[in-house]
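Here are the chains, one letter per residue:
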Amino acid sequence: MERETMCIQAGYSPKNGESRMIPIIQSTTFKYDTSEDMGKLFDLEASGYFYTRLQNPTNDMVAAKLAALEGGTAGMLTSSGQAANFFSVFNIATCGDHIVSASTIYGGTFNLFNVTMRKMGIEFTFVDPDCSDEELEKAFRPNTKAVFGETIANPALVVFDIERFAKAAHAHGVPLIVDNTFATPINCRPIEWGADIVTHSTTKYLDGHDATVGGAIIDGGKFDWMAHADKFPGLTTPDASYHGITYAEKFGLGGAFITKCTAQLMRDFGSIQAPMNAFLLNLGIESLAVRVPRHCENAQKVAEYLSGHDKVAWVTYPGLPGDKYYERAKKYMPNGTCGVISFGLKGGRSAAEAFMKKLKVAMIATHVADAHTCILHPANSTHRQLTDEELIAGGVGPDLIRLSVGIENVNDIIADIEQALA
Ligand SMILES: *Cc1c(COP(=O)(O)O)cnc(C)c1O
């Protein structure tokens, strides 16, 4: 199947007389004929559902669709993108371990890593995604367990050199985790470029309609945990909480990561997406392949308009020829990048605030990447907790305006910007 078809059909094929739309299994529990049947589920000897804190069939249908879209072997939904990124790292790293991460990542992920996960005893080294090979090499330690980056960084719009970071990670025997929220599998499939684990905030383009918060984790199924068994004891040695099964042996390359993540982390943290939300997410994904190109087309026109305006100091959009990441974006995302643009006005921070007050079509919202055009001043919102040095290291200056171009008529969006600038 091509991606357009997967958006509609992957993950669920109704049998004779069954509902054409994925069913919402709004049930906390599942019934079994015997305790022995149930016991097999608890031992991971049989696959099946017993309690929605761990797994739910509606969620799994949508996760299977996303796994197909990303070219992965298994997937799971989480209650948010934050939960997805936390699980993706915590599934393989624990107290005393270390992670190499791109410094240009979403502010929420940066806090998760730099504050909360540090408290759990995991160390992080943040590297400039355009650092030299020597600097990247220096970032690794014997206890490094993964490398992390975003396909297109939110909101710095840095295009991540996936192949390069995958090679570096693999040379050190660890997987590359890529947050593919902004590109979506329509524009980029990180697994094809060497990424091992892909994460999403499904809250953004995948849902696409401001309706549901959610996340997803997809395993590419290629990373050989057993070949680096000493680094990943959680996957390669017996789990006492499941009568001593070894995930990498029992579930193989394609299934070990997601099975462990479900059986341990979802069991213990319970960050499950509600089945109703998974249903809404699926509705969004059905039109993803139509919406994403329209977002890119509109954003391209808005970026070109802004870069020709005399009140605009700078514009960052990887689709603009001359953008620092134009060539890299052409390599990884030949059909377009995303609908998000960053720019600054000549008047700096105060001009940004004045301009945003005058907008009528573009709404001020702590959100990006959905059908509605929205706008945000990160230094006053998502990145408020960061120091000026951290803001600059993260590629988010105090004057930066993040504009998420929706799928309205682009003439209305440009006219709105024009009157507000005037
Ligand atoms: C929004 C976002 C997140 C966090 O996702 P939530 O669904 O808000 O928890 C993570 N990564 C990226 C790139 C994001 O844009």
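Residues numbered from 1 in each chain as written. Predicted model: local features only at pLDDT ≥ 70, side-chain atom pairs only at ≥ 80, totals over all residues. Heavy atoms only, no water.

J.: I keep staring at the packing of aromatic side chains and nothing clicks. Help me out?
T.: What characterises a pair of aromatic rings is the spacing of the ring centres plus the angle enclosed by the ring planes. As enumerated under the stated definition, the model contains 19 aromatic pairs in all. Relative to Tyr49, the ring of Phe30 has its centre 5.7 Å away and its plane inclined at 40 degrees; by these criteria the two rings are tilted. Here Tyr49 lies in the loop between α2 (35-42) and α3 (57-70) and Phe30 lies in the loop between α1 (3-9) and α2, a separation of 19 residues in the sequence. For the pair Phe223 and Phe232, a centre-to-centre distance of 5.8 Å together with 85 degrees between the ring planes defines the contact as edge-to-face. Accessibility expressed as a relative area gives 6% for Phe223, which makes it buried. Three or more aromatic residues joined by ring pairs form one cluster here, namely Phe110, Phe113, Phe124, Phe126 and Phe148. Between the NZ or CZ atom of Lys204 and the centre of the ring of Tyr106, over which it lies, the distance is 5.1 Å. (Phe/Tyr/Trp six-rings, centres within 6.5 Å; stacked < 30°, edge-to-face > 60°. Helix = DSSP H or I, 4+ residues; strand = E, 2+ residues; numbered from the N terminus. Buried < 20%, exposed > 50% of the residue type's maximum accessible area, 1.4 Å probe, protein only. Lys NZ or Arg CZ within 6 Å of the ring centre and 35° of its normal.)

J.: I would appreciate a short explanation of a negative patch on the surface in the present structure.
T.: Taken together, the side chains of Asp128, Glu134, Glu135 and Glu137 present a region of like negative charge at the surface. Its place among the elements puts Asp128 in the loop between β3 (123-127) and α6 (133-139). When its relative accessible area of 43% is taken as the criterion, Asp128 is described as partly exposed. (Patch = residues over 30% accessible without salt bridge, like charges linked within 9 Å, V, L, I, M, F, W, Y side chains within 5 Å. Areas by Shrake-Rupley, 256 points an atom, 1.4 Å probe, with all protein chains shown as cover. Salt bridge = Lys/Arg side-chain N within 4 Å of Asp/Glu carboxyl O. Lys, Arg positive; Asp, Glu negative; His and termini not counted. Charge placed at Lys NZ, Arg CZ, Asp CG, Glu CD.)

J.: I keep staring at the nonpolar core and nothing clicks. Help me out?
T.: Within soluble globular proteins, side chains that are nonpolar tend to cluster in buried spots. Leu176, Val302, Leu306, Ile341, Phe343, Phe355 and Ile417 are the most contacted members of the largest nonpolar core, which totals 134 residues. Residues lining this core come from more than one domain, with at least three contributed by each of domain 1 (3-282) and domain 2 (289-421). Not counting chain neighbours up to four residues away, the residues in contact with Ile341 comprise Leu157, Ala299, Val302, Ala303, Leu306, Val315, Thr316, Tyr317, Ile401, Arg402, Leu403 and Val405. (Core = buried A, V, L, I, M, F, W, Y, C linked by side-chain atoms within 4.5 Å. Domains from an automatic or database assignment. Contact = heavy atoms within 4.5 Å.)

J.: What am I meant to see in the layout of surface pockets here?
T.: To find the voids left in a structure, one rolls a probe of water-molecule size over its atoms. The space that makes up the largest pocket amounts to roughly 580 Å³. The wall of the largest pocket is formed by 31 residues, among which Ser47, Gln55, Asp60, Thr259 and Thr262 lie closest to the centre. Among the secondary structure elements, those contributing two or more residues to the lining of the largest pocket are α3, β1 (74-78) and α10 (247-269). Counting residues per element, the lining of the largest pocket draws most heavily on α10, at 7 residues. Of the residues belonging to the lining of the largest pocket, the class tally is 19 nonpolar, 10 polar and 2 charged. In this structure, the second largest pocket encloses a volume near 330 Å³. Along its surface, the second largest pocket is lined by 22 residues, and Gln82, Tyr106, Ser201, Thr203 and Lys204 are the ones closest to its centre. (1 Å grid on protein atoms, 1.4 Å probe; cavity = no way out; pocket = protein on both sides within 12 Å on 5 of 7 lines; lining within 4 Å. Points joined across faces, edges and corners; volume = space filled by probe spheres on them. Nonpolar A, V, L, I, M, F, W, Y, C, P; charged D, E, K, R; others polar.)

J.: Honestly, the side chain of Gln264 in this entry has me stumped. Any pointers?
T.: Within the fold, Gln264 resides in helix α10. Once residues lying within four places of it in the same chain are set aside, the contact partners of Gln264 are Asp239 and Tyr247.

J.: Help me out: how do you make sense of helix α12 (residues 288-307) in this one?
T.: The periodicity of an α-helix, 3.6 residues per turn, causes residues three or four places apart in sequence to face the same way. When the terminal C-alpha atoms of α12 are compared, their 28 Å separation across 20 residues agrees well with the 28 Å that a helix rising 1.5 Å per residue should span. Within α12, the full set of buried residues consists of Leu288, Ala289, Arg291, Val292, His295, Cys296, Asn298, Ala299, Val302, Ala303, Tyr305 and Leu306. (Expected span 1.5 Å × (residues − 1).)

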